Structures are given as structure tokens and as C-alpha cells.
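Structural overview
Now for the letters of each chain:
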Amino acid sequence: MRLHKIRIRAGAEKPFRVLFMADTHLAVADHAAAGEWQEFSKRRAGYFPHSIRHLQEATEYASCHGEMMIHGGDLIDFVSTANVLLAQRLLKNADVFFCPGNHEYSRWAGEKGSDWEACAQSKGQPTALSCNLPTVRKVHGILFATLNDCDYQVNESEWERLRKVMEMGLPVVLVCHVPFFTPKLCESNLQLTRREDAFLTGLPIAISSKLRYDPALPPSEEWRNSAIQQRASATTLQFTEWLRQQKPLKTILTGHCHHFFAEPFSSTAVQYVVGPHFYGEALEITFL
């Protein structure tokens, strides 16, 4: 495990530590299946050969040090019975606060348009990994709250839930899968993707409109265009500006981009993007 240690002054009643990670991408090959699905599952499992070991190391470390684990989504790579059961077994005895990512909704890991539609349509509904898990948790005077933006959008129900969290008046740490737009992070992602993708929630329209768009794709495949996927709705843009004004917000913890980045999001909060856990990356955060 490649552990990065940071300290965040958030107004805790007493100092405490958490272990934060995202993008583990547990992937088990389905050898009992046939045809296209078997080939797909075998191929995806080959992309992440060390994810199980990294998650075992993280749970052992957190247990030994008495730390809550926070997982920012994409714990599994694709939805299958084998992957869900594996995740449940590995985390059975762990103290985990979990926020789903886009792969928690994906059977084909982004290779089928129906997956993207399922992510957008079922977001906010219980999944095999997040059913009955809390969306808010209080630890030593700090509220940890999840936000489901795994399709690059924030809907009205999520906004209303977060509004109630902010109204409680305690320091808030927001955990979401997709990072929010900040200028330097956006430019970094654009450079890494040859300006085709930004991978951020709340992108200004002037930026999302210039992302990858192939007019030759048929309507059934239009979802593959970054300019479509990452185009923020009016509600998402309004929420992002509202969030920047929230004084209780002290930190945003995210993943999705597969590289570490830290940048101020607002006058009170820094956004931290953790590196990919499938490479063993994790943040040990001391809250003060």
C-alpha cells in the first residue's frame, strides 16, 4: 500500500484518523459464464490483478490502527454476483463509510450504452453494495456525508439531502466519486486526455462543449461522447455554486481521475482526489 499522509483542520472535537481510498476495481473472472460475458469478465479481471491484495492490506491497516475506512466508489469494476460477494467478504469486519461510483452500476464497465443509462436512471437507489448503508455519519463532531454524482450530475433529491446536512451547523466532509470542477484539476485532466475528457462534475458549458464529440456515432452510441456525458445540467451547475458558498464544508474527498490532486474548492474547503487503489494508493487523513 502506498500511503500518503495529510492533516486537515476541520474543527474536530479531538484528533482522529481515517483511511481514504477509491477505485479499487475488484474484478473476478466469471469462468462459469459463456460467450461474450466470460471473455469480458476475464479481460477486466486481467486489468486489476492486485486489487484484492490492496483491499486486504487496507482493511488490515485500518483495523490495526483503529481507523474508519472511507471508500469513494468503484470498489468493484463491474456488477456481478461474484464481485459483490467478494467485496462483502473482504469488508465483512471492516468499519467502512461507502459512496458508490459509476462502476457500482455497470455490468459492462462502460462498454455498453445501457450501463450509462442505468447509472443515470438508478442513481440514488439502493445498489448491491450500498443498500442500507448510511449516507451521513458523525465522528468526533464532524459530519461525513456522501453525494452520488457518479454520472457527472447532481439531482434535486441529493441537493435537498445535502442542504439538510449543511443546516445542522457542524463541520462537513463531503465524500463523492467524481470530483467537482476546479481550474487546475480540470486543466490537468485535459492535458492527460489530449483535451478530450475532463472527468469532472459541474463543468462550465464552455469547457464541456469542447470535449470529444463524434457526429458519426448513431443515436444509440451518442452516450460515448464526452461532450454529452460530462455536460452539466442546470441543476448540477446551480448546486456546484451553492456548494461553494457553504461555510460548514471543510473538505471534499473524491476519486475517479486515477491520480492524486489537491486544490481549493471554496474559501473553506480543499478538494482531494486520491490516486487509484488498484495501484495501492490511499490517503491517511488526520482530522484536527
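About the thresholds
- Residues numbered from 1 in each chain as written.
- Predicted model: local features only at pLDDT ≥ 70, side-chain atom pairs only at ≥ 80, totals over all residues.
- Heavy atoms only, no water.
- Helix = DSSP H or I, 4+ residues; strand = E, 2+ residues; numbered from the N terminus.
- Rg over C-alpha atoms; globule rule 2.2 N^0.38 Å.
- Buried < 20%, exposed > 50% of the residue type's maximum accessible area, 1.4 Å probe, protein only.
- Contact = heavy atoms within 4.5 Å.
- Areas by Shrake-Rupley, 256 points an atom, 1.4 Å probe, with all protein chains shown as cover.
- Lys, Arg positive; Asp, Glu negative; His and termini not counted.
- Charge placed at Lys NZ, Arg CZ, Asp CG, Glu CD.
- Salt bridge = Lys/Arg side-chain N within 4 Å of Asp/Glu carboxyl O.

A word on the overall build of the protein
From N to C terminus, the protein includes 9 helices and 11 strands. The C-alpha radius of gyration of the protein comes to 18 Å, within 12% of the 19 Å expected for a compact globule of 288 residues. Considering the protein as a whole, with its 288 residues, one finds that 57% of them fall into the buried category. Of the contacts made within the protein by residues no fewer than 6 positions apart, 71% connect residues no fewer than 24 positions apart. Summing over all exposed atoms, the protein offers an accessible surface of approximately 12800 Å²; the carbon and sulfur share of this is 52%. Taking the average place of the 30 positive charges on the side chains of the protein and the average place of its 31 negative ones, the gap between the two points comes to 6 Å.

Remarks on the pattern of salt bridges
Counted by the stated rule, this structure contains 15 salt bridges. Residue E158 is joined to R161 by a salt bridge in which the shortest nitrogen-to-oxygen separation is 3.1 Å. Residue E158 and its partner R161 are both found in helix α5 (residues 156-167); the two are separated by 3 residues, about one turn of the helix. A salt bridge links R195 to E187; its shortest N-O distance comes to 3.1 Å. E187 sits in the partly exposed class, given a relative accessible area of 31%.

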